[in-house]
Amino acid sequence: FRSESPPDAERARQLVSEVLAVAGELELEPVDRAARELLATAALGGASQARTTRTFLFTDIVASTELIGAIGDAAWVDLRAWHDRALRAQFAAHGGQEIDHAGDGFFVAFPDPRSAIAAAAAIQRSLEAHRREHGFAPAVRIGIHAAEAAETATGFVGRGVHEAARIAAIAGGGEIIASRSTAEAAGMLDDVKVSAPRAVPLKGIAEPVEVATLDWRQGTPRA
């Protein structure tokens, strides 16, 4: 942070840092992400932020609290480590840039909708293949949205990022949901089909957003 910042600003950043620490300990992903965005903005000291267009992808393990209760802490640690390796392999294979990993979810930026959608489909197919071969894999939901955002020293911030996170929150286990404009890019992928678009309310977003579900099961499953 810049040393010339006024005392009130310094105190505010200190408080946000404390919130970030608590959020990390309690695995409060939304609070953690919001705190990181505030710190990133403060770090720029009000300077102009570069704006760019990326396709944002959010993932989350569905019903993770119940899962931990069922399998126990030690097994959960092993399962999450496996989950993280499996998803990161697909992010890397499709050109994704990991921005944040809080709790059991990922925030990843891709250069275009096609690569993000391909990565999401590959993730769901690999999890499905693991269920068939080994009997279990966690249910993961994925949301995708292409939008303009401000690029900071630690990642991306802006309305588009929040829309992507909210889209992921309405997905169910094993689902991929994308904004309508982003989902249309799935037409370039022969093994991903798009449902009819529908308007849905998103928490914190004034107007409903049109989204579509991507059917990743059209393709050949692969481990």
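See the structure printed just above.
Residues numbered from 1 in each chain as written. Predicted model: local features only at pLDDT ≥ 70, side-chain atom pairs only at ≥ 80, totals over all residues. Heavy atoms only, no water.

Draft legend 1. Highlighting the side chain of Ser 115. Within the fold, Ser 115 resides in helix α5 (residues 113-134). Judged by its relative accessible area of 12%, Ser 115 is buried. Among residues more than four places away in sequence, those in contact with Ser 115 are His 94 and Phe 110. (Helix = DSSP H or I, 4+ residues; strand = E, 2+ residues; numbered from the N terminus. Buried < 20%, exposed > 50% of the residue type's maximum accessible area, 1.4 Å probe, protein only. Contact = heavy atoms within 4.5 Å.)

Draft legend 2. Region of the structure containing the packing of helix α3 (residues 64-71) against helix α4 (residues 73-93). One way to put it is that α3 packs onto α4 with a least axis distance of 7 Å and a crossing angle of 125°. Accordingly, the angle class assigned to the pair α3 and α4 is oblique. When you trace α3 past α4, the crossing you get is right-handed. Only Asp 73, Ala 75, Trp 76 and Leu 79 of α4 make contact with α3, whose side of the interface consists of Ser 64, Leu 67, Ile 68 and Ile 71. The class makeup of the residues in the contact of α3 with α4 is 6 nonpolar, 1 polar and 1 charged. (Axes fitted to C-alpha atoms, helices over the stretch in contact; angles between N-to-C directions. Parallel < 35°, antiparallel > 145°, perpendicular 65-115°, else oblique. Left-handed = near helix turned anticlockwise from the far one by under 90°. Nonpolar A, V, L, I, M, F, W, Y, C, P; charged D, E, K, R; others polar.)

Draft legend 3. Fine view of the pairing of strand β9 (residues 209-215). With 5 of 7 residues buried, β9 lies mostly within the body of the structure. Summarising the sheet, strand β6 (residues 176-179) and β9 pair through 3 bridges and their orientation is antiparallel. Looking at the pairing, Ile 177 lines up with Thr 213 of β9. Relative to β9, strand β8 (residues 198-200) runs antiparallel, the two being bridged by 3 bridges. Residue pairing across strands places Arg 198 opposite Val 211, the latter belonging to β9. (Pairing = 2+ DSSP bridges.)

Draft legend 4. Region of interest: unusual backbone geometry. Here Ala 63, not a glycine, exhibits a phi torsion of approximately 55°, which is positive. One can find Ala 63 in the loop between β1 (50-61) and α3.

Draft legend 5. Representation of the packing of aromatic side chains. All chains considered together, the criterion is met by 4 aromatic pairs. Seen in terms of ring centroids, Phe 56 and Phe 107 are 5.8 Å apart; in terms of plane orientation they differ by 55°. Their pairing is tilted. One end of the pair, Phe 56, is in strand β1; the other, Phe 107, is in strand β3 (residues 105-110), with 51 residues separating them in the sequence. Of the two residues examined, Phe 56 and Phe 107, each falls in the buried class. Judged by centre distance (4.4 Å) and plane angle (5°), the ring pair of Phe 58 and Phe 107 falls under stacked. Pair noted here: Phe 58 is in strand β1 and Phe 107 is in strand β3, with a separation of 49 residues, a long-range link. Per residue, the accessibility class of Phe 58 equals that of Phe 107, and both read buried. Taken together, Phe 56, Phe 58, Phe 107 and Phe 156 form an aromatic cluster joined through their ring pairs. (Phe/Tyr/Trp six-rings, centres within 6.5 Å; stacked < 30°, edge-to-face > 60°.)

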